[in-house]
Amino acid sequence: LLDAQRALRWTRCHGPEFGVQPDKVGILGFSAGGHLASTTATHFDAGRADAEDPVERVSCRPDAVILCYAVVTFVERLHQGSMLNLLGTEEPLPELRAKLSAELCVNADTMPHFLWHTAEDGAVPLANSLRLADALSTHGVPVELHVFPYGQHGLGLAPDWPDVSQWTTLCAGWLGRLGFAG
């Protein structure tokens, strides 16, 4: 989480040197990497104005989040393997499980999200994306959710799945509406 926050700060701070707009920095994650992205999206700060390091003075809040068949929640144990790998135990404290369940950490300051999942994902249940989409909607946060009926876990860009592979076009349109695409 600290590395992801640092990467967002660094990109925001040094992005203009590479043609990156500091107010157009997003985060994308797949599966367990989606858990990191969703946690980063719900655990951010504005930076420390008094920090010696100029990178630490800027925000680590992403401006947009893209989650692909992401692990989101540890509350209902919808992906026990990720919880065990991250926390080292199958029985973490309830407070820690809640803190690392993005759907419980969403608030009105959470940034727009693009989510996609397949209904038949046997590794990370669709309920992860549905719970997050519901929480985002409840807090008035813009969310676009696509559920494709077929496709196993880990499809990535899904080049062999014509229906699912359209997620990249849908996402590009979403980013364009947020002012990211040029």
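All of these numbers come straight from a predicted model, not from anything done at the bench.

Colleague: Tell me about the packing of aromatic side chains, residues and numbers included.
Modeller: Counting across every chain of the model gives seven aromatic pairs. Their ring planes at 90° and their centres at 5.2 Å tell us that Y69 and W116 sit as a pair that is edge-to-face. Of this pair, Y69 sits in the loop between strand 2 (64-68) and helix 3 (80-87) while W116 sits in strand 3 (residues 113-118); the two residues are 47 residues apart in sequence, bridging distant segments of the chain. For the pair shown, Y69 and W116 are each scored as buried. These aromatic residues form a ring-pair network of at least three members: F30, Y69, W116, F148 and W167. One Lys or Arg, K24, reaches over the ring of F180 and ends 5.5 Å from the middle of that ring. Above the face of the F44 ring, R61 is positioned so that its terminal group lies 5.6 Å from the ring centre.

Colleague: Give me the environment of Q21: which residues, what numbers.
Modeller: Along the chain, the position of Q21 falls in the loop between helix 1 (2-14) and strand 1 (26-30). It is 9.1 Å that separates the C-alpha atoms of Q21 and T11, two residues lying 10 residues apart in sequence.

Colleague: Requested: an account of helix 6 (residues 127-138), with residues and values cited.
Modeller: The first and last C-alpha atoms of helix 6 sit 16 Å apart over 12 residues, in line with the 16 Å expected at 1.5 Å per residue. If you check which residues of helix 6 are buried, you get A127, N128, S129, L132, A133, A135 and L136. Elements in contact with the buried residues of helix 6: strand 2, helix 5 (102-105), strand 3 and strand 4 (143-148). G140 lies just past helix 6 and shows a positive phi near 75°.

Colleague: Residues and numbers for the side chain of T42, please.
Modeller: Looking at the secondary structure, you find T42 in helix 2 (residues 31-42). Overall, the relative accessible area of 13% leaves T42 in the buried class. Within the local environment of T42, its side chain forms a polar contact with the backbone oxygen of S38, the two atoms lying 3.0 Å apart. Excluding its chain neighbours within four sequence positions, the residues that come into contact with T42 are A102, C105 and V106.

Basis of the calculations
Residue positions are counted from 1 within each chain, in the order its sequence is given. Only residues with pLDDT of at least 70 get local features here, since the model is predicted, and only at 80 or more are side-chain atom pairs given and counted; chain-wide, interface and lining totals rely on the full set of residues. The side-chain numbers reported here are obtained from all heavy atoms of the structure, hydrogens and water having been left aside. Side-chain rings of Phe, Tyr and Trp, where Trp is taken by its six-membered ring, are said to pair if the distance between their centres is within 6.5 Å; with planes under 30 degrees apart they count as stacked, over 60 as edge-to-face, and otherwise as tilted. Where helices and strands are cited, they refer to DSSP runs of H or I of at least four residues and of E of at least two residues respectively, numbered from the N terminus. A simple rule labels every residue: compare its accessible area, found with a 1.4 Å probe on the protein chains alone, to the largest value its type can have, and call it buried under 20%, exposed over 50%, or partly exposed in between. As a reminder, the over-ring test applies to NZ of lysine and CZ of arginine, requiring each to be within 6 Å of the ring centre and within 35 degrees of the ring normal. By this rule, a helix spans an expected 1.5 Å times one less than how many residues it contains. The contact rule is simple, with two residues in contact once any of their heavy atoms fall within 4.5 Å. We define a polar contact as two N or O atoms separated by no more than 3.5 Å, with the added condition that, inside protein, one atom must be a possible hydrogen donor and the other a possible acceptor, whereas residues neighbouring each other in sequence contribute only through side-chain atom pairs.

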